[in-house]
Amino acid sequence: MWTVNPTEDSRMDYSATPRPAGYRKYLQSLQTLKPIRFSSPEANAQDNAGFLSFSTFAWMTPILWSIFRGKMDFNSLHISGWKIILCLRCRLNRLWEEEVARVGQDKASLTRVLMRFQKTRLIVSSVVGAIAMLAAFLGPAVVVFQVLQYISDPESHTLAKGIGLALAMFTAEFSKAFFISLLWAINLRSAVRLKGAFSALAFQKILSLRVNNGIPMGELINILTSDGHRLFEAGIFGSFLLMSPVLFIACIVYACYVLGATALAGVFIYILIIPLQLFMGKMIEKFRFPAIKSTDSRVRKMNEILNSIKLIKMYAWEESFEKEVAGIRKKERRNIRNASYFENANVSISTLSPLIATVITFLVHTAFGLPLNPANAFTTISIFNAMRFSLAVTPITVRALAAAAVSVGRLQVISSALMKSYQW
């Protein structure tokens, strides 16, 4: 079981620190909901930012302006008291201990633990993202449709309705931009916390190993470097996988309302693309995992070479080791190249899907002899373009989550090795 080393300072034991219960543990975060907050320059700028400043990243303006003028004193930057790696690591460690106590070491899942660690922030991020997706739908779909109908027959509408539609378009676009900015602010802060906790916990567990237990040194190094960044990307893009269906379903329903049943032809194209993207994600993961293994092997081999460089020089073994490292690197590059092929194909499909869906929809619509006026046509194009966002973020999200799953699995291997070393 992962426990805090008893030889460490007692301040490092998170369980010794009183933890606020109920809503009190969210008290500091709820302060961010205040529209405007004033704080002393001694405090961390992000922790004391108001809602408007936090959402628009305005709290960074003084820092960036000081850097631009070359008058930045980095000693004046204060570390957030709520993102101290020690506290985050101990909290994640406590959640892991609770998971092991509940289901046992063999059935314990580090993925479930990380979900619990991010649960509240993931819920908030999903709600904010859903609002942003609804705003992204209302502007190009509902408001544009009403504007086109107003333009096609202005005599039958009043000036007040035109002004109202203009204000509605502005409100929809402003809401979309504002909530997407807020979404990025929440996700970035959450991802930093997740990466810090993961990397600190991995570092503690690696130091706790009595021996490396057969785990390659290159893999241990990669866990402390690359894997933390993969968790960071998963923290940023993970919530997009939950909120993208909101936009997708809303666009499907309204496309059928505007154009009729023939809009389902374009929707069918999108539905065909979804399993194709999932297949691409599996293929990316299939090639990424061997690439990571090759990277571990190459780093391990380079460590051996550097540790034995005098012996290699003495016996003139440079060419032999060079060929061995080149062979490992060749295999690594091949797997990375194959994964990149599928990633690029996934992005290309996401880019071309609105065009293909629109063409197929209009062909089917005209083939049945149904009327097609400018309002319906341009609204349908706007709806399919709005649906593109769902497909655009899906491959990025799938790739980030696939890479994070590999990283989490590697850290769980270390936990098993640590348990064996304790039993031994």
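Predicted, not measured: the structure shown is a model, and the values here were computed from it.

The rules behind these values
- Residues numbered from 1 in each chain as written.
- Predicted model: local features only at pLDDT ≥ 70, side-chain atom pairs only at ≥ 80, totals over all residues.
- Heavy atoms only, no water.
- Helix = DSSP H or I, 4+ residues; strand = E, 2+ residues; numbered from the N terminus.
- Buried < 20%, exposed > 50% of the residue type's maximum accessible area, 1.4 Å probe, protein only.
- Contact = heavy atoms within 4.5 Å.
- Areas by Shrake-Rupley, 256 points an atom, 1.4 Å probe, with all protein chains shown as cover.
- Patch = residues over 30% accessible without salt bridge, like charges linked within 9 Å, V, L, I, M, F, W, Y side chains within 5 Å.
- Salt bridge = Lys/Arg side-chain N within 4 Å of Asp/Glu carboxyl O.
- Lys, Arg positive; Asp, Glu negative; His and termini not counted.
- Charge placed at Lys NZ, Arg CZ, Asp CG, Glu CD.
- Axes fitted to C-alpha atoms, helices over the stretch in contact; angles between N-to-C directions.
- Parallel < 35°, antiparallel > 145°, perpendicular 65-115°, else oblique.
- Nonpolar A, V, L, I, M, F, W, Y, C, P; charged D, E, K, R; others polar.
- UniProt positions renumbered as here; feature names shortened; annotations may be inferred.
- Core = buried A, V, L, I, M, F, W, Y, C linked by side-chain atoms within 4.5 Å.
- Domains from an automatic or database assignment.
- Phe/Tyr/Trp six-rings, centres within 6.5 Å; stacked < 30°, edge-to-face > 60°.

A. Representation of the overall build of the protein. When helices and strands are counted, the protein shows twelve helices and zero strands. The N-to-C order of helical and strand elements in the protein reads α-α-α-α-α-α-α-α-α-α-α-α. Within the protein, the fraction of its 424 residues that count as buried is 43%. Sequence-distant contacts, at least 24 apart, represent 81% of the contacts inside the protein between residues at least 6 apart. Summing over all exposed atoms, the protein offers an accessible surface of approximately 23300 Å²; the carbon and sulfur share of this is 67%.

B. Examining the environment of Ser 407 more closely. Note on placement: Ser 407 falls in helix H12 (residues 374–423). Taking the C-alpha atoms as reference, Ser 407 lies 7.2 Å from Arg 230; in sequence the two are 177 residues apart. Among residues more than four places away in sequence, those in contact with Ser 407 are Phe 198, Asp 227, Arg 230 and Leu 231.

C. Layout of a positive patch on the surface. Residues Lys 330, Lys 331, Arg 333, Arg 334 and Arg 337 make up a contiguous surface patch of positive charge. Along the chain, the position of Arg 337 falls in helix H11 (residues 318–367).

D. Main features of the packing of helix H9 (residues 263–307) against H11. At their nearest, the axes of H9 and H11 sit 8 Å apart, and the two run at 170° to each other. Considered as vectors, H9 and H11 are oriented roughly antiparallel to each other. Among the residues forming the contact of H9 with H11, the class breakdown is 28 nonpolar, eleven polar and eight charged.

E. Molecular detail of the environment of Ser 109. On the secondary structure map, Ser 109 appears in the loop between helix H4 (85–103) and helix H5 (110–152). Overall, the relative accessible area of 17% leaves Ser 109 in the buried class. Residues Ser 109 and Val 408, spaced 299 residues apart in sequence, show a C-alpha to C-alpha distance of 9.4 Å.

F. Molecular detail of the UniProt feature "transmembrane region" (unreviewed entry) in the protein. With numbering aligned to this structure, UniProt lists the feature "transmembrane region" (unreviewed entry) at residues 49–68, 122–151, 163–186, 231–255, 261–280, 347–369 and 389–411. When the span residues 261–280 is considered, its composition is 90% helix and 0% strand, and the gap between its end C-alpha atoms is 30 Å.

G. Spatial organisation of a nonpolar patch on the surface. Taken together, the side chains of Leu 352, Leu 355, Ile 356, Val 359, Ile 360 and Leu 363 present a nonpolar region at the surface, about 530 Å² in accessible area. Its place among the elements puts Ile 360 in helix H11. The class for Ile 360 is partly exposed, based on a relative accessible area of 31%.

H. Structural detail: the nonpolar core. With 39 residues, the main nonpolar core has Phe 54, Phe 137, Cys 251, Tyr 254, Tyr 270, Ile 383 and Met 387 as its most contacted residues. Elements with a minimum of two residues in this core: H5, helix H6 (159–208), helix H8 (240–259), H9, H11 and H12. It is H8 that provides the largest number of residues to this core, a total of eleven residues. Built from parts of two domains, this core gets at least three residues from each of domain 1 (44–70) and domain 2 (80–422). Residues contacting Ile 383, with those up to four places away along its chain left out, are Ala 141, Cys 251, Tyr 254 and Ala 255. Ranked by size, the runner-up nonpolar core spans 24 residues in total, among them Leu 110, Val 113, Leu 194 and Ile 223.

I. Region of interest: the packing of aromatic side chains. Inspection of every chain in the model, using the stated rule, returns 15 aromatic pairs. Centroid distance Phe 178 to Phe 179: 5.5 Å. Interplanar angle 85°. Geometry classified as edge-to-face. Phe 179 sits in the partly exposed class, given a relative accessible area of 21%. Ring plane angle 35° and centroid distance 5.8 Å describe the contact between Tyr 270 and Phe 384, whose orientation is recorded as tilted. Linking Tyr 270 in helix H9 with Phe 384 in helix H12, this pair joins segments that are 114 residues apart in sequence. Judged by its relative accessible area of 0%, Tyr 270 is buried. Taken together through their ring pairs, the aromatic side chains of Phe 51, Phe 170, Phe 174, Phe 178 and Phe 179 make up a single cluster.

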